[in-house]
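# Residue-level structure breakdown
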Amino acid sequence: QVQLVQSGGGLVQAGGSLRLSCAASGRTFSSYAIGWFRQAPGKERMFVAGISENVGNTYYVDSVKGRFTISRDNAKNTVHLQTNSLKPEDTAVYFCAARSGAYYYSYNPSLYDYWGRGTQVTVSS
């Protein structure tokens with residue numbers, strides 16, 4: 001069993017930055033691929049960025065590429081999502097998720113085994 005505890009988030013003006021963190025319990029954290037998703041009101045939960053297990057190959061959707069950076073510190077069982085140059089359309093609840101038994105992240109939220117509780121990111125114009 002893995003528990004994901006999220007921190008970070010908040011209210012920021014357009015152009016600002018926030019650092020989201022996802023801390024995991026368990027000794028095998030490095031063997032999980034991690035995805036960050038976001039869900040705006042009335043919309044589906046959407047994949048934003050992912051990082052593979054161990055060596056940490058990364059992927060970003062086009063809308064955040066060049067602005068967001070996902071990273072992992074396996075020694076601290078933590079994954080971060082650094083969000084820069086934030087836009088009002090980035091406003092959403094952000095979730096981290098862990099996928100076991102697979103090297104890579106996935107766009108499909110149903111393929112993840114564990115989820116954080118979410119953290120609100122609000123970007124004002």
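The following refers to the structure shown. (Residues numbered from 1 in each chain as written. Predicted model: local features only at pLDDT ≥ 70, side-chain atom pairs only at ≥ 80, totals over all residues. Heavy atoms only, no water.)

### So, the overall build of the chain
Condition: Only runs of H or I of at least four residues qualify as helices and only runs of E of at least two qualify as strands under DSSP, and these elements are numbered from the N terminus. The rule is simple: take the accessible area with a 1.4 Å probe, protein chains only, and divide by the maximum for that residue type; under 20% is buried, over 50% is exposed, in between is partly exposed. Two residues form a contact once any of their heavy atoms are found within 4.5 Å. All accessible areas in this document rest on Shrake-Rupley with a 1.4 Å probe, and a residue is counted as covered only by the protein chains that are shown.
Within the chain, the secondary structure is distributed over zero helices and 11 strands. Each principal axis of the C-alpha distribution contributes one length, and for the chain these read about 40 × 30 × 25 Å. Of all 125 residues assigned to the chain, the portion counted as buried reaches 46%. Counting contacts in the chain only where the partners sit at least 6 residues apart, residues at least 24 apart contribute 59% of the total. When the accessible surface of the chain is totalled, it reaches about 6400 Å², and 48% of it is carbon and sulfur.

### Here we look at the environment of Ser71
Relative to the assigned elements, Ser71 resides in strand S7 (residues 68–73). Residue contacts for Ser71: discarding those within four places in its chain leaves Ile51, Thr78, Val79 and His80.

### Looking at the sheet that holds S7
Short version of the rule: Whether two strands pair depends on DSSP finding at least two bridges between them. A fitted line through C-alpha atoms represents every axis, and for helices the fit uses only the stretch in contact; the resulting angles, taken between N-to-C directions, go from 0 to 180 degrees.
Overall, antiparallel pairing links the four strands, which are arranged S1-S3-S8-S7 in an open sheet. Each having just a single partner strand, strand S1 (4–7) and S7 make up the two edges of the open sheet. Pairs of neighbouring strands in the sheet enclose a mean axial angle of 15°, with direction left out of account. Two strands pair when backbone bridges link them, and S1 and strand S3 (residues 18–24) are joined in this way by four bridges, in the antiparallel orientation. Looking at S3, one finds that Val5 is bridged to Ala23.

### Details of the pairing of S3
Among the seven residues in S3, five count as buried, and that is most of the element. Pairing of S3 with strand S8 (residues 78–83) involves six bridges; the strand directions are antiparallel. Note that in S8 the partner of Cys22 across the bridge is Val79.

### A short note on the nonpolar core
The condition that has to hold: What we call a nonpolar core is a set of buried Ala, Val, Leu, Ile, Met, Phe, Trp, Tyr and Cys residues that are connected through their side-chain atoms within 4.5 Å.
Residues Leu4, Trp36, Phe68, Ile70, Leu81 and Tyr94 are the most contacted members of the largest nonpolar core, which totals 34 residues. At the level of elements, S3, strand S4 (33–39), strand S5 (46–51), S7, S8, strand S9 (92–99) and strand S11 (119–124) are the ones that each hand at least two residues to this core. Setting aside residues up to four positions removed in sequence, Tyr94 forms contacts with Gln6, Leu20, Trp36, Phe37, Arg38, Phe68, Leu81, Gly118, Thr119 and Val121.

Any functional reading would require information that these geometric values do not contain.
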